[in-house]
Amino acid sequence: MTELRYGGLLASICGELRLKEYIFKCPACGSVDCRDLPVPHASRSMVSDGKVISNPLRRGSCNDCGHGFHAQNFSEEQIKEIYSADYSIGLRDAVAEAARSAEYGRQIEAFLTHHLGKGGNFSKIIEFGCGSGTLLNDLTNRLGAQVATGVEPSSRVAAYARSIAGGRISIHEGFAEQFEESAHSYNLCLSVNVIEHTRNPHGFLQACRRVIDNTGNIIVVCPDGEIAGSELLFYDHLSNFTSASLAMIVAGVNLRMIANSPLTGGLQGFRIHLLRSGGGALDNQSRAFGFLSQQRAEYVNTWSRMQDAADRVLKGWKYGIFGTGEYSDLLHAYSPSVIENAEFFVRDQPVETNFYSKPVISTKDFLSFPKMPLIAAVHERSWPLVRDRFRSEDVPIFHSLEIARQDAMP
Ligand SMILES: [Zn+2]
């Protein structure tokens with residue numbers, strides 16, 4: 001049983017030796033009942049900071065626990081290449097980053113208060129993968145921490161975090177797994193959108209367990225893998241967690257999941273988990289996640305058809321693209337002609353004058369021109385709002401997914 005259970009872990013430890021080995025067992029629960037998802041593009045994939053790499057994204061989806069995973073192993077070198085010094089997520093738009101961090105801070109504090117009451121001790125906190133450090137600054141103030149440590153692998157991002165860190169905060173460059181100082185001395189270890197990037201989630205959680213004292217709390221925020229959406233398209237999201245699959249991994253490193261809850265509002269699509277030391281009885285009832293594998297397959301398949309559909313449908317059109325964020329990067333990676341053939345980008349408050357070598361204009365200016373169609377490059381959760389707003393101004397606007405599905409085109 002043990003071998004089955006830890007098959008994925010062993011495979012990932014041995015990744016360097018068996019680089020191209022195909023993973024056929026779920027790394028979370030060990031099940032062999034896994035489904036191969038379609039490949040979104042035969043030769044291109046996108047990393048979170050928008051960079052395109054020339055590898056197809058092959059993902060598997062476990063029908064038993066719902067875990068999503070790369071169907072091939074990574075070497076440590078490949079991981080280091082993804083997070084090289086120029087990995088710059090979070091530095092592109094400081095204003096948006098600050099607003100987003102404040103919202104994470106608010107929801108994390110509310111979750112902690114809900115589950116721990118007012119009595120939680122947060123005098124020493126540590127954040128693994130602290131990025132720009134904006135959230136750590138926010139939480140240090142919010143929770144009244146006396147000592148705060150941020151650990152960040154990208155040297156460029158760590159340098160930025162250091163430049164904005166408050167007096168009680170120190171920033172260390174490195175990976176969580178290599179952080180050896182101050183064992184068992186923090187009361188709160190948090191990570192926000194980090195664990196899905198780690199090659200070895202078991203090792204990452206062990207690192208979290210190592211830094212907290214025996215009554216300490218661990219907060220893990222990551223994309224909610226129970227929603228089949230754009231998260232599946234990020235090459236550097238090595239795992240897609242359901243609460244069931246994360247609970248399996250958590251139990252495997254002698255932690256237990258105390259609570260979990262979806263985030264709301266602008267952070268919809270993410271889930272927060274509270275973990276503590278000590279094993280516990282795992283709710284072992286088998287869960288059926290075949291439906292999730294099916295939804296994921298349909299979603300990725302839609303993306304795989306987008307380029308051809310766009311070439312056909314948009315032929316001869318002059319159009320702009322609404323949005324210069326993550327979703328535009330996804331289009332650029334998986335359906336590049338949609339970006340190449342656009343005239344310009346539109347966004348509410350442009351922070352850049354050019355994006356993918358096209359001019360960026362404000363919504364206000366766009367609405368003052370003769371009406372031109374727009375392709376919305378916005379997350380599915382924002383789409384209804386964006387659609388209604390532009391259609392009320394008589395602007396024909398379509399979502400890229402609709403083009404691929406061909407269900408709403410004139
Ligand atoms: Zn599984």
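A. Summary view of the sheet that holds strand 18 (residues 374-376). Reading across from one edge, 16-17-15-14-18-19 is the order of the six strands in this open sheet, with mixed pairing throughout. At either margin of the open sheet sits one strand with a lone partner, and together these are strand 16 (354-355) and strand 19 (397-399). Two strands pair when backbone bridges link them, and strand 16 and strand 17 (residues 358-362) are joined in this way by two bridges, in the antiparallel orientation. The partner of asparagine 354 across the bridge, within strand 17, is proline 359.

B. View of the pairing of strand 17. With three bridges joining them, strand 15 (residues 344-347) and strand 17 adopt parallel strand pairing. Within strand 17, the position partnered with arginine 347 by the bridge is serine 362. Linking strand 16 back to strand 17 in an antiparallel pair, the connection comprises two residues, with tyrosine 356 at a positive phi of about 45 degrees.

C. Region of the structure containing the packing of helix 4 (residues 94-116) against helix 5 (residues 134-143). Orientation of helix 4 relative to helix 5, taken along the N-to-C sense of each, is 40 degrees, at an axis distance of 9 Å. Classified by the angle their axes make, helix 4 and helix 5 are oblique. The handedness of the crossing between helix 4 and helix 5 is right-handed. Listed contacts from helix 5 to Glu97, Ala98, Ser101, Ala102, Tyr104, Gly105, Ile108 and Glu109 of helix 4 are Thr134, Leu135, Asp138, Leu139, Arg142 and Leu143. By residue class, the composition of the contact of helix 4 with helix 5 is seven nonpolar, three polar and four charged.

D. Quick look at the pairing of strand 15. Pairing of strand 14 (residues 320-322) with strand 15, which is carried by three bridges, proceeds in the parallel orientation. Each bridged residue has a counterpart across the sheet, and for isoleucine 321 the counterpart in strand 15 is phenylalanine 345.

E. Molecular detail of unusual backbone geometry. Despite not being glycine, serine 357 has its phi angle at roughly 60 degrees, a positive value. On the secondary structure map, serine 357 appears in the loop between strand 16 and strand 17. When the 7 C-beta atoms within 10 Å are taken as the criterion, serine 357 is described as exposed. Its identity as a non-glycine residue notwithstanding, aspartate 394 has a phi of 60 degrees, on the positive side. Structurally, aspartate 394 can be placed in the loop between helix 13 (383-391) and strand 19.

F. Focus on the packing of helix 7 (residues 201-211) against helix 8 (residues 243-252). Packing of helix 7 against helix 8 brings their axes to within 9 Å, and their N-to-C directions diverge by 60 degrees. With respect to their mutual orientation, helix 7 and helix 8 come out oblique. Both helix 7 and helix 8 take part in a crossing whose hand is right-handed. Between helix 7 and helix 8, the contacting residues are Pro201, His202 and Leu205 on the first element and Ile249, Val250 and Gly252 on the second.

G. Quick look at the sheet that holds strand 10 (residues 212-223). Pairing is mixed in the open sheet, where seven strands are placed in the order 8-7-6-9-10-13-12. Pairing within the sheet leaves two strands with one partner each, and these edge strands are strand 8 (169-173) and strand 12 (255-262). Taken over all neighbouring pairs, the strand axes of this sheet differ in orientation by 20 degrees on average, direction set aside. Strand direction decides the pairing type here: strand 12 and strand 13 (residues 270-277), joined by seven bridges, are antiparallel. Residue pairing across strands places serine 261 opposite isoleucine 272, the latter belonging to strand 13. Here helix 5 sits on the sheet in contact with strand 6 (124-128), strand 7 (147-152), strand 8 and strand 9 (186-192), set at roughly 160 degrees to strand 6. Contacting strand 7 and strand 8, helix 6 (residues 155-164) crosses the sheet at an angle of about 170 degrees to strand 8.

H. Quick look at the nonpolar core. Membership of the largest hydrophobic core comes to 100 residues, with the highest contact counts inside it found for Ile125, Cys189 and Cys208. The dominant element in this core, judged by the number of residues it contributes, is helix 9 (residues 290-313), at seven residues. No fewer than three residues from each of domain 1 (94-277) and domain 2 (314-405) sit in this core.

I. Here's a closer look at helix 5. The buried fraction of helix 5 is high, at eight of 10 residues. Taken residue by residue, helix 5 has Thr134, Leu135, Leu136, Asn137, Asp138, Leu139, Thr140 and Leu143 as its buried positions. Of the residues trailing helix 5, glycine 144 is marked for its positive phi of about 65 degrees.

What counts and what doesn't
Residues numbered from 1 in each chain as written. Predicted model: local features only at pLDDT ≥ 70, side-chain atom pairs only at ≥ 80, totals over all residues. Pairing = 2+ DSSP bridges. Helix = DSSP H or I, 4+ residues; strand = E, 2+ residues; numbered from the N terminus. Axes fitted to C-alpha atoms, helices over the stretch in contact; angles between N-to-C directions. Parallel < 35°, antiparallel > 145°, perpendicular 65-115°, else oblique. Left-handed = near helix turned anticlockwise from the far one by under 90°. Contact = placed C-beta atoms within 7 Å. Nonpolar A, V, L, I, M, F, W, Y, C, P; charged D, E, K, R; others polar. Buried ≥ 20, exposed ≤ 12 C-beta atoms within 10 Å, placed from the backbone. Core = buried A, V, L, I, M, F, W, Y, C linked by C-beta atoms within 7 Å. Domains from an automatic or database assignment.

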